[in-house]
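# Analysis of the macromolecular model
Here are the chains, one letter per residue:
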Amino acid sequence: MTLDARGISCPEPLIMLKQALKTEKELTLLLDSKNAFENCQDFAEKQGFAVETEKDGDEYKLHMKAKNE
Amino acid sequence: MIGAFIFIGCPTTMLLRLARGDLNALVGLFGFAGGVVAGMFALNKGFSLGRAYTTKKSDGFVFPAIGILLLVALVFFPAILNFSEQGFASFHAPIIVSLIGGMLVGGIAFVSRICTVAVIRDSIFFKSFGMLAMFGVLMLVLVGYNLIFGHFSLGMESAPFAHTDGIWNFLGLALVGFVSVLIGGCPFRQLVLAGSGNSDSAITVIGMMVGAVVAHNFSIASSGAGVTDNAPIAFVIATVVAVAIALYNIISNKKERSK
C-alpha cells in the first residue's frame, strides 16, 4: 500500500500513518516536509517497523515493513 | 485571539508567566492542554486542512514585506501609529533590542520548529518527547533568570497583568489550544512560519490581528481587574464558530472520501 501525504501539514501525515499501521504490515509513505518525515520515521521505528528512506529533491519516501513478518 | 485575550496572553506568554511563578498561568496550561486534546480528537475523526501546494515564490514575501513596512513606519513615521499607554502591551524594549532579540528568537524558533501545541500533541499522542525536553530546558532557564533577578513570586494574587478568574483562564486557553491544533501550530509558530514565507500562516497572522482589533473594540480583552462582561458572550460565539468549522470540515471530508 502507498500513502501519499505530500502537501499535507503536520500532524496529519502522522495521524494517517498511525491509522494505516494498525492494519498494514508493509507501507510506502510519500512526504514533502522534513518535519513530517522525521516525525513519521521516528514513529514507525517505535512501532517496530524497519524503515528505509529515500530523498528526492524536496520529496521523501519511506518504506516500512513490520519486523516480525 | 478571543481566547488569548480572555486569558491575557498567548500560550508562549502563558509559559513566560508560569516561569515568573504565576499560578493563574498553570490553570491556563491545563486549559490549553485540554483544548489540544479536543483538537486532536477532531483530527482523529477526520479533520483535515487538505493538501497545500507550492505557490509562486513572490507570495512568500508579502507578509515579511508588511513587517518591513511597519518597521519603517515605527522608525521614521511613529506619528501615524497608535501606542498602548497602559497595561501589558505598553511595556516594550528599545526598538533595536527588540529587533535583534526578535531575529535571534525567530531564527532559533524556525530551526528548532518549537511550538507549544506540538509539544503537547507529540508527548501525548505520539510518545515523542524531543520537544518536551527542549521546553524543559527553556523553562529551567526562565525560572533561573527570574529567581536570580528577583522576578519570581509564586502565587495567584501577586502576578502582574493577570486576573485570578480560574474558569476563564482555563476556558480562554482551551479555545486557543483547540483552534491551534486545527490550524497546525500555536500563534507563535504561525508567526514564525508566516515570516518564513508560508502564506497559510500569513493569513492566520492577519486573522490574529483582526481578532485583536475585535477584542479591544468590543471590550473583550481582560485586564488585571478580571474578565469583562462581554468576554463570556464572545467566548461562546468564538467556540460555536470553531466547533462548527471543525464539524463542517469533518463531515465534508467524510463525504469526499465516500465518493
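The sections below set out a description of the structure shown in this document. Values in this document were obtained by computation on a predicted structure and should not be read as measured data.

### Concerning the interface of chain A and chain B
- Listed as interface residues are 18 residues of chain A and, on the opposing side, 17 residues of chain B.
- Among the residues of chain A in contact with chain B, Pro11, Glu12 and Ile15 of chain A are the three that bury the most area, contributing 32% of the side total.
- Along the contact surface separating chain A from chain B lie one salt bridge.
- Applying the counting rule to chain A against chain B returns six residue pairs in polar contact (both at pLDDT 80 or more).

### Structural notes on a nonpolar patch on the surface
All names here are of chain B.
- Nonpolar side chains collect at one region of the surface, where Val62, Ile66, Leu70, Ile206, Met209, Val210, Val214 and Phe218 lie side by side and expose about 670 Å² of accessible area between them.
- Breaking the nonpolar patch down by element, the ones donating at least two residues are helix H4 (62–76) and helix H10 (199–217).
- The dominant element in the nonpolar patch, judged by the number of residues it contributes, is H10, at four residues.
- As for its position among the elements, Ile206 is in helix H10.

### Overview of the pattern of salt bridges
All names here are of chain A.
- All chains considered together, the criterion is met by six salt bridges over all chains.
- Here Lys46 ties to Asp42 by a salt bridge, and the two come within 3.5 Å at their closest N and O atoms. Separated by four residues within a single helix, Lys46 and Asp42 lie in helix H2 (residues 34–46), roughly one turn from each other.
- What you see here is one network of salt bridges that share partners, running through Asp4, Arg6 and Glu59.

Analysis parameters
Residues numbered from 1 in each chain as written. Chains lettered and ligands numbered in written order. Predicted model: local features only at pLDDT ≥ 70, side-chain atom pairs only at ≥ 80, totals over all residues. Heavy atoms only, no water. Contact = heavy atoms within 4.5 Å. Buried area = accessible area lost by both parts, 1.4 Å probe. Salt bridge = Lys/Arg side-chain N within 4 Å of Asp/Glu carboxyl O. Polar contact = N/O pair within 3.5 Å; in protein donor to acceptor, adjacent residues only side chain to side chain. Patch = residues over 30% accessible without salt bridge, like charges linked within 9 Å, V, L, I, M, F, W, Y side chains within 5 Å. Areas by Shrake-Rupley, 256 points an atom, 1.4 Å probe, with all protein chains shown as cover. Helix = DSSP H or I, 4+ residues; strand = E, 2+ residues; numbered from the N terminus.

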